[in-house]
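# Summary of the model geometry
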Amino acid sequence: MPGLQSVSKKRPAVSQGGPKSKKQHSENPSSTKFEEGKVQKRSRPVTQPIPANELSDEDDEDGEDNFEEEEAEEQEIVPDEMIVDGASSRDPNAARESHKVQRVLQEQRRAAKPHSQLLADAKRVWSLARQKSIPSAERQKHVKELMKVTQGKVKDIVLKHDASRIIQTVVKYGGQKERDQVAMELKGHYKALAQSKYSKFLVTKLIRLCPAHRASILLEFQSNVLRLLLHREASVVLADSFELYANAYERSILLRDFYGKEVALFSQTQGSEPEKANARKGFPGVLEGLEGERRKRVLAALKENLTRIFNNSDKGAITHAIVHRALLEYLSAINETEDESERERLRKEIFESCQDVLAEMVHTKDGSRVVRDLIAYGTAKDRKQIIKVIKPHVERMCTDDEAQLVLFTALDVIDDTKLTAKSLVSDITTHAPTLINTPQGRRALFYLLVPRSRRHFTPAQIAIIAEIDPIRGKTSKKSAVIREGEIRGAASEGLLKFVEDNGAEAARDTGGSLVVLEIMLYADGDKSSAMQSLLQPLASIYPSEDSSKLHPIDLPHTSRMYKSLFQGGHFSHASKSVIRSSSFSPSAFASAFMSIVGKDSTVSMAGGEGAFIIAEFLQRIKEEGSADEKRTVKGWFSGDVVERLKKSGTKGRNVLLDKINALLL
């Protein structure tokens, strides 16, 4: 059909971006959770910078452009018909006549185009339906009228820039009946539509909003998936479909082309339940029953298709989750190969073909696992190459849920801690001031000091990180305890410098106070300067004279941090006691508190919100303070001070009075 010939040309594609969060896909295609107002986005590669003002596909397809692009294209001036001499150019009447001539020519060209009257009628109704401030009932009325105008002609006009937006409006605001009707009219033409600069957005919308037609749409891409992945426009459609909307069976439709022509020839699917059940097994289901040369041919075909993607990295397909899934399936199949030498050879070959683009994969779940496996199984030379590739992107990886797992694996399995300290740890500690602002960034800092701590990592996160442990036991020689100590030692200097320079301000933030506390408790080295930096704000007048900036003691999370520092560790609910850190001296912290904060501020805080903190301070002085320190602190809490505390209604008063009495005995 001439009306659906592709109008776009192939050209190198930029990397495509997406979101940080992805949801599990339902296996039931008859229900959908993708609401119109909550459009998901794919995860963004760490190699791609985040633009300040990011426009999504949704912005592009529904923008209020009023067809200026098309109008500009149509306003072509024919030199022979627009001869205006110098005199007439200065005559306003001549200019107006000239504009009239241009408008007449423009109308004539529009009228000569196919479906001109249809488009004119559709635009009139579309201008009403797309308004954002009209009631829903009125919008539905316009959408139904718009559907009547375009019914039966959708496939003839949809490749046009303006008409594509009109049909998108029907799909966006119409009911399921209108959406299904559009999907049915376009049946058989989705491959061409996906390659169009304008209609690709319509295809994505239909895949998202028409779950009943999703599998049939994706089936039209069969035998062309690899070519479409390397096509700038169509690549986005396939990537969104696979990562955001498809269920297990629908993803298997797209993946099947990676497995080679032999698999495609003998595994054509019509969507029956047995076929769906087998398709959900993925590549292992394809390999079931295959032995010897046939199994090798299928693996070779998958490797060849992956290599084709890797060799065209400028097309942007390497960043898509579908490629990462295919690569993970290939590596998993390799690991099941019985011949060890063959297994190592195949792994080395695929690593050499993709080693330069590994940073493009770490942002997806499957891509992250691929890189982690390559690190765990790799030789010292392979691991050094991987570190070289990801080093420029360490900061971005720290703030990505999936990419940071690659960093954690590198810290866990690489025996050359001098390499990781120089290439990874130093970059992480350098960016500590910005990393403390996000939960992901804070996890990266925690992993340098207290890896896999249940205090900061959920059981699910720890389980994912521990997936590599069996491989580490075979490929790494150094003890995990020794490696963790060396990583902690390498990170300590930079983290303590961070606390010295920014600790007081960071501690005022809820998440920042947790990072500062862990650094003080578990980092190695001299902490006197860091202590001084944290204690200096406590010496200010209490309560704060500036109502817009509370005293640190009046901030619950900050006061808890100081209390833990006086205790010298975290309270354990299991043992009902404080587990002291061997890397921190609470008595030294108490001594520094005495010299920096002094009597007046201490007594003021004791009468306010700092009763529990001062009680811990007194406990530390009583148990570990020198005779001079005990004598000095006793003088701070004279009879008058104690009487005022007894009359106050401050929280923690009784605990504080008990500590004072114990010290005075």
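Residues numbered from 1 in each chain as written. Predicted model: local features only at pLDDT ≥ 70, side-chain atom pairs only at ≥ 80, totals over all residues. Heavy atoms only, no water.

## What to know about empty space enclosed by the protein
By the definition in use, this model includes two cavities of 30 Å³ or more. Looking at the largest cavity, its volume works out to about 70 Å³. Lining the largest cavity are Leu411, Asp412, Tyr447, Leu448, Pro451, Arg472, Ala480, Arg483, Glu484, Ile487 and Arg488. Where the lining of the largest cavity is concerned, the elements lending two or more residues are helix H25 (403-413), helix H28 (439-449) and helix H31 (480-506). The biggest single contributor to the lining of the largest cavity is H31, with five residues. A per-class count over the lining of the largest cavity returns six nonpolar, no polar and five charged. Counted as a void, the second largest cavity has a volume near 40 Å³. Surrounding the second largest cavity, Leu331, Asn335, Arg347, Asp373, Leu374 and Tyr377 form its lining. Those elements giving two or more residues to the lining of the second largest cavity turn out to be helix H20 (321-335) and helix H22 (365-377). (1 Å grid on protein atoms, 1.4 Å probe; cavity = no way out; pocket = protein on both sides within 12 Å on 5 of 7 lines; lining within 4 Å. Points joined across faces, edges and corners; volume = space filled by probe spheres on them. Helix = DSSP H or I, 4+ residues; strand = E, 2+ residues; numbered from the N terminus. Nonpolar A, V, L, I, M, F, W, Y, C, P; charged D, E, K, R; others polar.)

## What about the pairing of strand S1 (residues 569-572)?
Of the strand pairs in this sheet, S1 and strand S2 (residues 577-580) are connected by four bridges, and their pairing is antiparallel. When the sheet's bridge partners are listed, glycine 569 is paired in S2 with arginine 580. Taking the residues between adjacent antiparallel strands as the criterion, S1 and S2 are bridged by four residues, where lysine 576 takes a positive phi near 55°. (Pairing = 2+ DSSP bridges.)

## Structural notes on unusual backbone geometry
That bond from tyrosine 542 to proline 543 is cis: its omega, -5°, falls within 30 degrees of zero. Positive phi, close to 55°, is recorded for lysine 576, a residue that is not glycine. Structurally, the position occupied by lysine 576 is in the loop between S1 and S2. Overall, the relative accessible area of 61% leaves lysine 576 in the exposed class. (Buried < 20%, exposed > 50% of the residue type's maximum accessible area, 1.4 Å probe, protein only.)

## Details of the packing of aromatic side chains
A ring pair, where both rings are aromatic, is described by two values, the distance of the centres and the angle of the planes. Within this structure, the stated rule accounts for 10 aromatic pairs. Each ring, one from phenylalanine 593 and one from phenylalanine 617, has its centre 4.7 Å from the other, and the planes form 45°; the classification is tilted. Taken together, the residues phenylalanine 593 in helix H35 (residues 586-606) and phenylalanine 617 in helix H36 (residues 611-624) connect sequence positions 24 residues apart. Accessibility classification places phenylalanine 593 together with phenylalanine 617 in one group, the buried group. The rings of Phe566, Phe584, Phe589, Phe593, Phe617 and Trp636 are connected pair by pair, giving a single aromatic cluster. For arginine 347, the ring lying beneath its charged end belongs to tyrosine 377, and the centroid distance is 4.0 Å. (Phe/Tyr/Trp six-rings, centres within 6.5 Å; stacked < 30°, edge-to-face > 60°. Lys NZ or Arg CZ within 6 Å of the ring centre and 35° of its normal.)

## Things to note about the nonpolar core
The biggest cluster of nonpolar side chains holds 173 residues, and the ones touching the most others in it are Leu206, Phe221, Phe258, Phe310, Met361, Phe617 and Phe637. Tallying contributions element by element places H20 first for this core, with 10 residues. (Core = buried A, V, L, I, M, F, W, Y, C linked by side-chain atoms within 4.5 Å.)

## Comments concerning the packing of helix H33 (residues 528-535) against H35
Where H33 contacts H35, the axes come no closer than 10 Å and their chain directions differ by 50°. Judged by the inter-axis angle, H33 sits oblique to H35. Between H33 and H35 the crossing geometry is right-handed. On the side of H33, the interface is formed by Met531, Gln532 and Leu535, while H35 contributes Ala588, Phe589, Ala592, Phe593, Ile596 and Val597. Within the contact of H33 with H35, the residues separate by chemical class into eight nonpolar, one polar and no charged. (Axes fitted to C-alpha atoms, helices over the stretch in contact; angles between N-to-C directions. Parallel < 35°, antiparallel > 145°, perpendicular 65-115°, else oblique. Left-handed = near helix turned anticlockwise from the far one by under 90°. Contact = heavy atoms within 4.5 Å.)

## Focus: the pattern of salt bridges
A full pass over the atoms with the stated rule returns 29 salt bridges. The partner of arginine 345 in a salt bridge is glutamate 342, and the shortest N-O contact between them spans 2.6 Å. Here arginine 345 and its partner glutamate 342 are both found in helix H21 (residues 340-354), three residues apart, which amounts to about one turn of the helix. For arginine 345, a relative accessible area of 36% translates into the label partly exposed. (Salt bridge = Lys/Arg side-chain N within 4 Å of Asp/Glu carboxyl O.)

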